[in-house]
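# Coordinate inspection notes
One letter stands for each residue in the lines below.
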Amino acid sequence: MTKRVMVPALLLVAAIVVGVGLYLFQPWRIFTSSTVTEAIPTAVPTSAPPAVSSPAASPEATTTTAAPTAVAGPRELATGQLISHEHASSGSVRILELPDGSRILRFEGLDTSDGPDLRVWLTDAPVIEGPPGWQVFDDGAYLDLGALKANKGDQNYEIPAAAVLGDYSSVTIWCARFAVSFAAAELKT
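Residues numbered from 1 in each chain as written. Predicted model: local features only at pLDDT ≥ 70, side-chain atom pairs only at ≥ 80, totals over all residues. Heavy atoms only, no water.

Time to look at the overall build of the protein. Along its length, the protein carries one helix and twelve strands. Counted over contacts in the protein with a minimum sequence separation of 6, partners at least 24 positions apart contribute 66%. A total of about 11000 Å² of accessible surface is found on the protein, and carbon and sulfur atoms cover 61% of it. (Helix = DSSP H or I, 4+ residues; strand = E, 2+ residues; numbered from the N terminus. Contact = heavy atoms within 4.5 Å. Areas by Shrake-Rupley, 256 points an atom, 1.4 Å probe, with all protein chains shown as cover.)

So this is what it looks like as structure tokens:
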């Protein structure tokens with residue numbers, strides 16, 4: 001091959017390698033960060049008894065009193081503290097049952113690194129500290145609750161109604177691109 005053909009071919013191969021590397025590793029995420037601050041979903045008022053009327057001598061004298069409406073808050077089903085895996089991370093995890101019976105997984109005070117294709121998983125894997133625990137979460141059962149909304153803050157993730165919480169003992173922030181845990185927490189009831 002002549003130099004005229006070889007140089008453009010090598011430049012093309014180098015451009016493809018750089019493009020694929022940028023796509024896979026997304027190195028700019030080292031410098032990016034985002035925060036989401038979500039409140040715990042509001043409580044749903046419990047059903048109040050109907051208003052009670054007091055009969056009087058005339059319709060004009062009728063008084064109506066309403067019973068006070070009770071507001072139920074969320075019930076805590078499980079908690080955990082995040083430990084660092086591939087990236088330094090901190091924060092707590094709570095699983096809450098809302099008054100309407102729906103359940104959420106909630107991160108509070110989350111602080112981790114940004115990364116490509118980060119997911120929130122409920123898993124049946126044990127939480128192991130250090131490098132041996134980085135890749136255990138896709139070995140067994142897991143439930144993908146969706147993409148991590150931000151790498152910092154307080155955030156809520158809906159848990160499907162059909163999910164059996166007893167099947168899961170931990171939560172992980174999972175990098176699907178590289179099959180590695182950024183952080184994990186053992187869930188304690």
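What follows concerns the sheet that holds strand β4 (residues 75–81). Here we have five strands laid out as an open sheet, ordered β1-β10-β7-β6-β4, and mixed in their pairing. Whereas interior strands pair on both sides, the edge strands pair on one side only; in this sheet they are β1 (35–37) and β4. Going from strand to strand, the sheet's axes swing by 30 degrees on average, the running direction of each strand aside. Summarising the sheet, strand β6 (residues 90–97) and strand β7 (residues 103–111) pair through seven bridges and their orientation is antiparallel. Bridging across to β7, R94 finds its partner in R106. (Pairing = 2+ DSSP bridges. Axes fitted to C-alpha atoms, helices over the stretch in contact; angles between N-to-C directions.)

The next thing to look at is the pairing of strand β12 (residues 180–186). Of all seven residues in β12, six are buried, a share of seventy percent or more. For strand β5 (residues 83–84) and β12, the ladder comprises two bridges, and the chain directions are antiparallel. Within the sheet, the bridge partner assigned to S84 lies in β12 and is A183. Bridge count between strand β11 (residues 170–175) and β12: six bridges; the pairing is antiparallel. Residue pairing for β12: W174 is matched across the bridge by S181. What sits between the antiparallel neighbours β11 and β12 is a turn of four residues, in which A179 has the positive phi angle 50 degrees. (Buried < 20%, exposed > 50% of the residue type's maximum accessible area, 1.4 Å probe, protein only.)

So, about the nonpolar core. With 25 residues, the main nonpolar core has L105, F107, L122, V171 and I173 as its most contacted residues. The next biggest cluster of nonpolar side chains, apart from the first, holds six residues, and it includes W121, V136, W174 and A184. (Core = buried A, V, L, I, M, F, W, Y, C linked by side-chain atoms within 4.5 Å.)

A few words now on the pattern of salt bridges. Applying the stated criterion across every chain yields a total of seven salt bridges. A salt bridge links R94 to E76, with the nearest nitrogen and oxygen atoms 2.8 Å apart. Taken together, the positions of R94 in strand β6 and E76 in strand β4 put the pair 18 residues apart, joining distant regions of the chain. The class of E76 is partly exposed, set by a relative accessible area of 43%. (Salt bridge = Lys/Arg side-chain N within 4 Å of Asp/Glu carboxyl O.)

In this description, a pair of aromatic rings is defined by centroid distance and the angle of the planes. This structure, assessed with the given rule, holds four aromatic pairs. Considering the side-chain rings of W121 and W174, the 4.9 Å spacing of their centres and the 20 degrees angle between planes classify their relative orientation as stacked. With a gap of 53 residues between them, W121 in strand β8 (residues 118–123) and W174 in strand β11 connect regions that are remote in the sequence. Where F137 meets W174, the ring centres are 6.3 Å apart and the plane angle is 75 degrees; that geometry is what we call edge-to-face. Remark: W174 occurs in strand β11 and F137 occurs in the loop between β8 and β9 (142–147); sequence separation between them is 37 residues. (Phe/Tyr/Trp six-rings, centres within 6.5 Å; stacked < 30°, edge-to-face > 60°.)

Our focus in this paragraph is the confidence of the model for the protein. Summarising the model, the protein shows a mean pLDDT of 79, and 77% of its residues fall at 70 or more. The weakest mean pLDDT in the protein belongs to strand β2 (residues 52–54) at 38; the strongest belongs to β6 at 96. (pLDDT = per-residue confidence, 0-100.)

Looking down a regular strand, the side chains alternate between one sheet face and the other. The buried count for β11 comes to six of six residues, which makes it a mostly enclosed element. Of the two faces of β11, both are covered, the one formed by S170, T172 and W174 as well as the one formed by V171, I173 and C175. Sheet analysis places β8 next to β11, joined by six bridges and oriented antiparallel. Residue V120 lies in a different strand from β11, and its bridge partner there is I173.

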